[in-house]
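Listed here are the chains, written in short residue letters.
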Amino acid sequence: MSTVIRGGTIVTADLTYKADVLIEGGRIAAIGDGLVGDKVLDATGCLVMPGGIDPHTHLEMPFMGTYSADDFDSGTRAALAGGTTMVVDFALPSPGQGLLDALQMWDNKSGRAHCDYSFHMAVTWWGEQVFNEMQAVVDRGITSFKHFMAYKGALMVNDDELFASFRRVGDLGGVALVHAENGDVVAELSARLLAEGNTGPEAHAYSRPPQVEGEATNRAIMVADMAGVPLYVVHVSCEDSHEAIRRARAQGKRVWGEPLIQHLTLDESEYFNADWDHAARRVMSPPFRNRLHQDSLWAGLQSGSLSVVATDHCAFTTQQKRTGIGDFTKIPNGTGGLEDRMPMLWTHGVATGRLTPNEFVAVTSTNIAKILGMYPRKGAVLVGSDADLVVWDPEAEKTITAGSQQSAIDYNVFEGQRVKGLPRHVLTRGHVAVDGGKLDPREGHGEFVAREPRGTVNRALSAWKELTAPRPVERSGIPASGV
Ligand SMILES: NC(=O)NCCC(=O)O
Ligand SMILES: [Zn+2]
Ligand SMILES: [Zn+2]
């Protein structure tokens, strides 16, 4: 069965034009005028864009003594409802667990996905087994490896491990990812705050000032440069971290930065709310910042020093958050956002004039498809690309509320926000998962997307590193030893 999207304006990262789109066998079969198909989707007054890709989710993740509440069922339903047609989740080995073992666990969970997905592999400890299994992971199409510089005593890796792993990722033609916060300093500050009686959720923000992020980002950039690997910094929340990325990029280093929709639109005042639950529900790492940091992130998206907007969707119920009553360090870290990323970014970005519609497509889809080596299968409106598409109605409005969301949790950090710009239709490899605003999910429809290593950035960086590698100086004669 074929489907035609009729009467819309195609918006990609670099073009805007009127045309119909014909879909056959899950792919885009033709783009042009007057196309016919078995099913017709009306796109009058709408924009036809590549579906969103969220490269940072944690679905059903074991973390801080519990599991994140959204799994691949509710998580990918939430994604589709908000115009996101692919997620990239993190396979997370517990310390000492093999990478392939962890991958098997994530394979088992992801069978319920309603949209396509891929994985990043986390490197949470270092040893010969990890070194060896990284090759097999890349052979399975997972080419990005995440490192936590925070969560001391749990997921954190030290600098020697970071350098060893970065070198290995570089040799395998992959991309290194970092959660950049100085975990040693966070642990010290947390202990001191608790000892002084600062036990509430606001102390989570006090324990992670922008400096811990700026320092770690700068360190990761320098280590990656010495290791010869492209670096992707997740959840960039502040100017201190953004500044390090901006400077590195201006120097020609291969670094990308990813702000979250939460950091762009919510600020630190949330932690000072008198309601403990309200504040704890917003505890995540890094924490929300002030308006100056937010302005920096927006400017980064506008100028191109920041490349991707993600969610870090890691949702916990109020009950789970209450584990941390009396000790903020025990509040599970994480917030939701999968269903709201695209409407929130459109409302606060495009509708305000901060972003063009083309820039919106770039930062929600195309840039990450290129960075992760899956463009133009994903992130594009081209003949032959997967029909992962969103028909976007810029005039449609709603008020965000937990009562009508797909996520399994009992609240929404954007509760009460009025958004303008919503998906009318969403297609995942041709299946119309949102039809006229109504969700029609298909459990198990999602497929794993394998990715190729050694993309163009890796090849360019390797060539440069080879050219500038240390070499012995050729000498015609060596003086006799003085001994
Ligand atoms: N961000 C957060 O607080 N939770 C999810 C895990 C992580 O990305 O650090
Ligand atoms: Zn993180
Ligand atoms: Zn994360």
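As recorded by an unreviewed UniProt entry, the protein carries the name Dihydropyrimidinase and is attributed to Paracoccus benzoatiresistens. Among the UniProt annotations of the protein, the heading Cofactor (unreviewed entry) holds the following wording: "Zn(2+)".

**Student:** Outline the overall build of the protein, supporting the account with residue identities and numerical values.
**Tutor:** Secondary structure summary: the protein contains 15 helices and 20 strands in total. Rg of the C-alpha trace for the protein: 23 Å, near the compact-globule value of 23 Å for 483 residues, within the 12% margin. Structurally, the protein occupies a C-alpha span of about 90 × 65 × 40 Å along its principal axes. Counting only residues that meet the buried cut, the protein has 60% of its 483 residues in that class. Excluding contacts between residues fewer than 6 apart, the proportion of contacts in the protein whose partners are at least 24 apart in sequence is 76%. Total accessible area on the protein stands at roughly 18200 Å², and carbon and sulfur atoms take up 50% of it.

**Student:** Explain the packing of aromatic side chains residue by residue, including any values.
**Tutor:** Applying the stated criterion across every chain, the model contains 13 aromatic pairs. Through a chain of ring-to-ring contacts, three or more aromatic side chains come together here, namely Phe72, Tyr117, Phe119 and Phe448. If you follow lysine 146 out to its NZ or CZ, it ends over the ring of phenylalanine 90, 4.0 Å from the centre. Over the ring of tyrosine 375 we find lysine 370; its NZ or CZ atom is 5.0 Å from the centre of that ring.

**Student:** Please set out the UniProt feature "domain: Amidohydrolase-related" (unreviewed entry) in the protein residue by residue, giving values where relevant.
**Tutor:** Mapped onto the present numbering, the UniProt feature "domain: Amidohydrolase-related" (unreviewed entry) falls on residues 47–418. The distance separating the terminal C-alpha atoms of residues 47–418 is 20 Å; by composition the span is 40% helix and 15% strand.

**Student:** Lay out the coordination of the zinc ion (ligand 3) in plain terms, naming residues and giving numbers.
**Tutor:** Surrounding the zinc ion (ligand 3) are the protein donor atoms His56 (NE2), His58 (NE2) and Asp312 (OD), at 2.0 to 2.2 Å. Taken together, the four donor atoms coordinating the zinc ion (ligand 3) and their angles of 82 to 138° define a geometry best described as irregular. Between the donor residues of the zinc ion (ligand 3), the gaps in sequence give the motif H-x1-H-x253-D. A separation of 3.7 Å is found between the zinc ion (ligand 3) and the zinc ion (ligand 2). The pair formed by histidine 56 and histidine 58 is uniform in burial state, with each residue classed as buried.

Reading the values: the criteria
For every chain, the first residue of the written sequence is number 1, and numbering continues from 1 onward in sequence order. By the order in which they are written, chains take letters starting at A while ligands take numbers starting at 1. Reporting of local features is limited, given that this is a predicted model, to residues whose pLDDT is at least 70; pairs of side-chain atoms are given and counted only at 80 or more, and all residues count toward the totals for whole chains, interfaces and linings. Excluding hydrogens and water, the side-chain figures rest on all heavy atoms present in the structure. UniProt positions are given in the numbering used here, feature names are shortened, and annotations may be inferred rather than shown by experiment. Each helix corresponds to a stretch of at least 4 residues labelled H or I by DSSP, and each strand to a stretch of at least 2 residues labelled E; elements are numbered beginning at the N terminus. C-alpha atoms define the radius of gyration in this analysis, and the globule rule sets the expected value at 2.2 Å times the number of residues to the power 0.38. Throughout this description, buried means an accessible area under 20% of the type-specific maximum (1.4 Å probe, protein chains only), exposed means over 50%, and partly exposed covers the range between. What makes two residues a contact is simply this: any of their non-hydrogen atoms within 4.5 Å. A 1.4 Å probe and the Shrake-Rupley method give the accessible areas. Residues count as covered only by the protein chains that appear here. Only rings of Phe, Tyr and Trp enter the pairing, Trp through its six-membered ring, and a pair is recorded when the two centres are within 6.5 Å. The plane angle decides the type: under 30 degrees is stacked, over 60 is edge-to-face, the rest tilted. Charge over a ring is defined by NZ of Lys or CZ of Arg lying within 6 Å of the ring centre and within 35 degrees of the ring normal. Any nitrogen, oxygen or sulfur atom within 2.8 Å of a metal ion counts as a donor, with the limit raised to 3.2 Å for Na, K and Ca, and since water is left out, coordination shells can look unfinished. Under this scheme a four-donor centre is tetrahedral when all angles range from 85 to 135 degrees, a four-donor centre is square planar and a six-donor centre octahedral when opposite donors are above 155 degrees with the rest from 65 to 115, and any other centre is irregular.

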